[in-house]
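Listed below, chain by chain, are the residues.
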Amino acid sequence: MKSVLLIGMGKFGQTLGEKLLGMGNEVMIVDKDEDVINALAPKYTNALIANCMNADNLQAMDIPSFNVCVVTIGDDFQSSLEITSILKDLGAKYVVSRAESEIQRKFLFRVGADEVIYPNEDIAEKLAVKLNSGNVYDYIEIDSQHAIFEIAVPKKWHGKNLIETNPRAKFGLNILLIKKGKNIVPSPAPTYTFEEGDLILVFGNKEQILNFTNKHSDKL
């Protein structure tokens, strides 16, 4: 479970918030529109009407206490840029900001964003999965119950082989391949020994894999 601060509750922010809530995360939402916050507040851990371009308002939220801060403002790039910068100045651990163009993406990285995304509902769901499970690098939904995940190998697996870790029987992970930097190991042998930096592409039940990644998250 992650603690997430979500700033900007437009369509994209609402989609992301709903996905994060559905995965059991604690989500605080902030928007300067009183009507929006009043409508959404009952669903969330905490909800606040505030102008986040005011550093004092952000400081009062105890920014370092959140695992992730997400700036989803799409109609005012100046606000997005300034809020991203203030969040980092206040000690935010990890800031994800929304961009509408490549030049906006570059500026957001310059002021301290750790990750920059472009908006649509598919991206919102993928981002929710990544934020919920810090060691998920990519995610493709096959149907409502099954998906393919690209995840980092847990630290406790380093130096152990597939026989010892037994991912299929213990965790429901069907390993399709292993990525080692630019190299790929397809259908790895049972004697394959995991190393630090390995990424695995796994297929299985979405809920089961998410439970696994939540318990073995090393990235955030």
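Conventions adopted
- Residues numbered from 1 in each chain as written.
- Predicted model: local features only at pLDDT ≥ 70, side-chain atom pairs only at ≥ 80, totals over all residues.
- Heavy atoms only, no water.
- Axes fitted to C-alpha atoms, helices over the stretch in contact; angles between N-to-C directions.
- Helix = DSSP H or I, 4+ residues; strand = E, 2+ residues; numbered from the N terminus.
- Parallel < 35°, antiparallel > 145°, perpendicular 65-115°, else oblique.
- Left-handed = near helix turned anticlockwise from the far one by under 90°.
- Contact = heavy atoms within 4.5 Å.
- Nonpolar A, V, L, I, M, F, W, Y, C, P; charged D, E, K, R; others polar.
- Salt bridge = Lys/Arg side-chain N within 4 Å of Asp/Glu carboxyl O.
- Buried < 20%, exposed > 50% of the residue type's maximum accessible area, 1.4 Å probe, protein only.
- Pairing = 2+ DSSP bridges.
- Right-handed = clockwise from strand over helix to strand, strands pointing away.

*Asks:* For the packing of helix α4 (residues 77-89) against helix α5 (residues 102-110), give the residues involved together with the corresponding values.
*Replies:* A pair of packed helices can be characterised by two numbers: the angle between their axes and the separation between those axes. Interaxial distance between α4 and α5 falls to 9 Å at its minimum, and their mutual angle equals 25°. Considered as vectors, α4 and α5 are oriented roughly parallel to each other. At the point where α4 passes α5, the crossing takes the right-handed sense. Across from F77, S80, L81 and T84 in α4, the residues of α5 making contact are Q104, F107 and L108. Of the residues that constitute the contact of α4 with α5, the class distribution is 4 nonpolar, 3 polar and no charged.

*Asks:* Lay out the pattern of salt bridges with the relevant residues and their values.
*Replies:* Considering all chains together, one arrives at 7 salt bridges under this definition. Across the pair E195 and K180 runs a salt bridge, and its minimum N-O distance is 3.0 Å. Here the residue E195 occupies a position in the loop between β10 (183-186) and β11 (199-205), and K180 occupies one in strand β9 (residues 174-180), the gap between them amounting to 15 residues. Take K180: its relative accessible area is 25%, and that puts it in the partly exposed class. Through salt bridges with shared partners, a single network forms among K180, E195 and D198.

*Asks:* Tell me about the pairing of strand β1 (residues 3-7), residues and numbers included.
*Replies:* Here β1 lies mainly inside the structure; 5 of its 5 residues are buried. What you see with β1 is no split at all: S3, L5 and I7 on one side and V4 and L6 on the other are buried throughout. Judged from the 5 bridges that link them, β1 and strand β2 (residues 26-31) form a sheet pairing that is parallel. Bridge pairing in β2 links L6 to I29. In the classification by handedness, the crossover that spans β1, the intervening helix α1 (residues 11-22) and the parallel β2 is right-handed. Pairing of β1 with strand β4 (residues 68-71), which is carried by 4 bridges, proceeds in the parallel orientation. Bridge pairing in β4 links L6 to V70.

*Asks:* Quick rundown of the pairing of β4? Include the residues and the values.
*Replies:* The alternating pattern of β4 places V68 and V70 on one face and C69 and V71 on the opposite face, and all of these are buried. Where β4 meets strand β5 (residues 95-98), 3 bridges bridge the pair, whose relative direction is parallel. Considered in β5, the bridge of C69 is made with V95. Regarding topology, α4 serves as the crossover connection from β4 to the parallel β5, and that connection is right-handed.

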